[in-house]
Amino acid sequence: MPELPEVETTRRGIAPHVEERRVRELVVREPRLRWPVDPALADHLRGATLGPVERRAKYLLLPAGDAGTLILHLGMSGSLRVIDAAEPPAAHDHLDLVLEDGQALRLRDPRRFGAALWQPAGTTHPRLAGLGPEPLGPAFDGDYLYRTSRGRRAAVKAFIMDNKVVVGVGNIYATEALFRAGIDPRRAAGRIGRERYRRLADAIRAVLTEAIEAGGTTLRDFTHSDGAPGYFRIRLAAYGRAGEPCPACGRTLVTSQVGQRATVRCPACQT
DNA sequence: CATAGCACCTGAGGGC
DNA sequence: TGCCCTCAGGTGCTAT
């Protein structure tokens, strides 16, 4: 489920409940995530006081004392909730980060593509090394995309979904941004001009920002009811709408495969 | 290095 | 109802 806005929403939701709290225990019910959970992870975390929760790409970073940082990834189906630690775990509730105040940060992930990793202080975890710039950060703009894409023959949609190029742009928002920018997702990345890349970078930033703002409205409920952030979906113009009329011109939106992923485009607006 | 294809895993939904 | 098929919002590994 999570793309960057969902991860950012989760970050903002959990932060007030975990920052400055001490870790009582990490309970691992199912270590078989994307990578096996290191048995030493619980030892690293026990007794540590958690610092400001940060996000890099779709990874959540939870500083744990002086020793290092807990890194969480939600994969395709992961979610985090803040709950009463006594609440019985349901299916696919693989990890509990139990806090001394009696609450717990609980990871649920049916498909187990998520991860829980340890990054010792002063090091960069290999999974974070080599990542491209944040799409909402200062290093990302149309000129960057233009420069980076020269000579690339891959489809522009695959190009902007490449984590080495820019992080956090998944299938939904790549589809939406290309629609907004009027660019055919199949077009070779190296054959798109500077001006169109400026439009694309603006579209990526806009759609991500809008989605984060939409997610923000659910944050107050993070520890209420089931305690999960409502994974919102902003009004999407193209994603999931194959066969429907294009919101801009009325032509029928079509679906196809680009870089092994389903994509939707307007055959008239996107060139 | 860039690219394409495959892999991991479970659940939901559609067709019969 | 049940079975079988396809598909899903991520990303790392491998071969070319």
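The residue count restarts for each chain, going from 1 along the sequence in the order it is written. Note on labels: chains are lettered from A, ligands numbered from 1, in written order. With pLDDT at 70 or above as the cut-off, local features in this predicted model cover only qualifying residues; side-chain atom pairs require 80 or more to be listed or tallied, and sums for whole chains, interfaces and linings still use all residues. Side-chain calculation: all heavy atoms of the structure are included, whereas hydrogens and water are not.

## Brief notes about the overall build of chain A
Under the DSSP-based scheme used, a helix requires at least four consecutive residues in state H or I and a strand at least two consecutive residues in state E, with every element numbered from the N terminus. The number of helices and strands found in chain A is 6 helices and 10 strands. Projected onto the principal axes, the alpha-carbon positions of chain A cover approximately 55 × 40 × 30 Å. Working definition: with a 1.4 Å probe on protein chains only, accessible area under 20% of the residue-type maximum means buried, over 50% means exposed, and in between means partly exposed. The buried share of chain A, taken over its 271 residues, is 51%. Taking the contacts inside chain A whose residues are at least 6 apart along the sequence as the reference set, 67% of them involve residues at least 24 apart. Put simply, chain A shows about 12,200 Å² of open surface, and 49% of that area lies on carbon and sulfur atoms. Should any heavy atoms of two residues lie within 4.5 Å, those residues are considered in contact. Residue-level accessible areas treat just the shown protein chains as cover; the underlying method is Shrake-Rupley with a 1.4 Å probe.

## What to know about the sheet that holds strand S5 (residues 79-84)
Here we have 4 strands laid out as an open sheet, ordered S1-S6-S7-S5, and antiparallel in their pairing. A single partner strand is all that each edge strand has here, and the edge strands are strand S1 (23-28) and S5. With strand direction ignored, the average angle separating the axes of adjacent strands in the sheet is 20°. In terms of strand pairing, S5 meets strand S7 (residues 103-108) through 6 bridges, oriented antiparallel. Paired with isoleucine 83 across the two strands is alanine 104, which belongs to S7. To get an axis, fit a line to the C-alpha atoms, keeping to the stretch in contact for a helix; angles then go from 0 to 180 degrees between the N-to-C directions. Sheet strands in contact with helix H1 (residues 4-18) are S5, strand S6 (93-99) and S7, and its direction is about 30° off that of S5. Strand pairing is assigned whenever DSSP detects at least two bridges linking the two strands.

## Concerning the pairing of strand S9 (residues 254-258)
Regular strands have side chains that alternate between both faces of the sheet. Inspection of the sheet shows S9 paired to strand S10 (residues 261-265) by 5 bridges, in the antiparallel sense. Pairing of valine 258 across the sheet is with arginine 261, part of S10. Hairpin connection of S9 to S10: 2 residues between the antiparallel strands, including glycine 259 at a positive phi of 60°.

## Comments concerning the pairing of S7
Note: S6 against S7, 5 bridges, orientation antiparallel. Each bridged residue has a counterpart across the sheet, and for aspartate 93 the counterpart in S7 is arginine 108. Here S6 folds back onto S7 in antiparallel fashion, the turn holding 3 residues, of which glycine 102 has a positive phi close to 95°.

## Quick notes on helix H3 (residues 142-149)
Every buried residue of H3 is listed here: Gly142, Tyr144, Leu145 and Ser149. Projection of H3 onto a plane perpendicular to its axis shows the buried side chains occupying an angular sector of 160°, all on one side. The opening residue of H3, the one whose side-chain oxygen lies 3.2 Å from the backbone nitrogen of aspartate 143, is aspartate 141. Positive backbone phi, at 85°, marks glycine 151, one or two positions downstream of H3. This arc corresponds to the set of directions leading from the helix axis out to the C-beta atoms. Within 3.5 Å is the distance limit for a polar contact, defined as a pair of N or O atoms, with the added protein rule that one can donate a hydrogen and the other accept it, and that residues adjacent in sequence qualify only through two side-chain atoms.

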